[in-house]
Amino acid sequence: IPMSVQQRAFVKDQMSELADKWLFSREIFPDDKLCGSLEVKPGDQLRTIGKQFKVPYEILMDINKISQPQNMRAGEAIKVINGPFHAKVYRSTFTMDLYLQDTFVRSFHVGLGKPGRETPIGLWRVKTGGKLIKPIWTDRETNKTYHPEDPDYPLGSRWIGLEGIKGNAKGREGFGLHGTKDPEQIGTADSRGCIRLHNGDAILLYNLFEEGLSTVEVVE
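Criteria and thresholds
- Residues numbered from 1 in each chain as written.
- Predicted model: local features only at pLDDT ≥ 70, side-chain atom pairs only at ≥ 80, totals over all residues.
- Heavy atoms only, no water.
- Pairing = 2+ DSSP bridges.
- Helix = DSSP H or I, 4+ residues; strand = E, 2+ residues; numbered from the N terminus.
- Contact = heavy atoms within 4.5 Å.
- Axes fitted to C-alpha atoms, helices over the stretch in contact; angles between N-to-C directions.
- Phe/Tyr/Trp six-rings, centres within 6.5 Å; stacked < 30°, edge-to-face > 60°.
- Buried < 20%, exposed > 50% of the residue type's maximum accessible area, 1.4 Å probe, protein only.
- Core = buried A, V, L, I, M, F, W, Y, C linked by side-chain atoms within 4.5 Å.
- Patch = residues over 30% accessible without salt bridge, like charges linked within 9 Å, V, L, I, M, F, W, Y side chains within 5 Å.
- Areas by Shrake-Rupley, 256 points an atom, 1.4 Å probe, with all protein chains shown as cover.
- Salt bridge = Lys/Arg side-chain N within 4 Å of Asp/Glu carboxyl O.
- Arc of directions from axis to C-beta.

## Brief notes about the sheet that holds strand β4 (residues 95-100)
Strands pair in a sheet through their backbones, by hydrogen bonds, and they do so in one of two ways: parallel or antiparallel.
Part 1 of the reasoning: Taking strand neighbours across the sheet as the criterion, the eight strands line up as β5-β4-β3-β14-β7-β10-β11-β13 in an open arrangement whose pairing is mixed. With one partner strand each, in any of the chains shown, β5 (103-109) and β13 (195-196) form the two edges of the open sheet.
Part 2 of the reasoning: Bridge analysis of strand β3 (residues 85-90) against strand β14 (residues 215-219) gives four bridges, and the strand direction is parallel. Within β14, the residue paired with Ala 87 across the bridge is Val 216.
Part 3 of the reasoning: The strands touched by helix α1 (residues 5-22) are β4 and β5; relative to β5, the strand with the most contacts, the crossing angle is about 115°.
Part 4 of the reasoning: Strands β3, β4, β5, β7 (122-133), β10 (158-167) and β11 (176-178) of the sheet are contacted by helix α4 (residues 199-208), whose axis makes an angle of about 65° with β10.

Printed below as a string of structure tokens:
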């Protein structure tokens, strides 16, 4: 029997709460194929371990409460996640669903492109070298350059650059996911095509998406 919109929303809320336990905590549950334990060997680096498991080292720092990457000690066991993470954006509902491989993790509210500048439907990949923390940004339309300290800086906490690989997205550049200084724009069609997120959500996705591997599919 197909689920109603309300039932689907309820199930997603429940699954989000579960993800806080099985994914975003140090706990590892028996038979969990997506998370596991790794014994740190002498010379191991968190960045290299992240690459091995297809997730950024930042999320491994976060769930293992490691304050600095160099603070790992040989012999200790850390929790690892079998990535990569992916997302699906629904233009009609201004929502983004996050997945670890094929397993739903949680939903986010997003802002999207305005009429005439709609966020292109299709498959995008997180660009290699595309993840940036508050980069200096020049508006191609006005040639105005924005610095992170500017009061009207538009990119918020993070920029995650995308490259189009299928559908209407194919070959398109210049699009990305980013935070915003105007949270009221989340849930509206007001951008020039980029996907806007609350700043905290942008930081979380920055810590989850692996460059060159994580994909974002945009659908109607």
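## As for the packing of aromatic side chains
Part 1 of the reasoning: Going through the model one piece at a time under the given rule, you end up with three aromatic pairs.
Part 2 of the reasoning: Ring geometry for Tyr 99 versus Phe 104: centroids 5.9 Å apart, planes at 80°, classification edge-to-face.
Part 3 of the reasoning: We classify Phe 104 as buried; its relative accessible area is 8%.
Part 4 of the reasoning: Ring centres of Trp 137 and Tyr 146 lie 5.7 Å apart, and the angle between their planes is 25°; on these two criteria the pair is classed as stacked.
Part 5 of the reasoning: The partly exposed category is assigned to Trp 137, whose relative accessible area is 27%.

## Examining the nonpolar core
Soluble globular proteins tend to bury their nonpolar side chains together.
Part 1 of the reasoning: In this structure, Phe 85, Met 96, Ile 195 and Phe 209 are the most contacted members of the largest nonpolar core, which totals 49 residues.
Part 2 of the reasoning: Setting aside chain neighbours within four positions, we find Met 96 in contact with Ala 87, Lys 88, Val 89, Arg 106, Ser 107, Phe 108, Val 110, Leu 177, Ile 195, Leu 197 and Leu 205.
Part 3 of the reasoning: Grouped together as the second largest cluster of nonpolar side chains are five residues, Tyr 153, Leu 155, Trp 159 and Cys 194 included.

## Things to note about a nonpolar patch on the surface
Part 1 of the reasoning: Side chains of Met 3, Phe 10, Val 11 and Met 15 sit close together on the surface and give an oily, nonpolar patch of about 350 Å² of accessible area.
Part 2 of the reasoning: Here Phe 10 is to be found in helix α1.

## Regarding the pattern of salt bridges
Part 1 of the reasoning: Inspection of the entire model under this criterion finds twelve salt bridges.
Part 2 of the reasoning: The residue Arg 73 makes a salt bridge to Glu 76 at a minimum N-O spacing of 3.9 Å.
Part 3 of the reasoning: The salt bridge involving Asp 182 is made with Lys 181; its shortest N-O contact spans 2.7 Å.
Part 4 of the reasoning: A single salt-bridge network, built from bridges that share partners, covers Arg 117, Asp 139, Glu 141 and Arg 192.

## As for helix α2 (residues 46-53)
Part 1 of the reasoning: Three or more residues of α2 are buried, namely Leu 46, Ile 49, Gly 50 and Phe 53. Considered in projection along α2, the buried side chains sweep an arc of 100° and stay on one side of the axis. In α2, the exposed positions that point more than 90 degrees away from the buried face belong to Arg 47, Lys 51 and Gln 52.
Part 2 of the reasoning: Looking at the buried residues of α2, the elements they touch are β1 (35-39), α3 (57-63) and β2 (77-81).
Part 3 of the reasoning: With its phi angle positive at about 65°, Lys 54 sits one or two positions after the end of α2.

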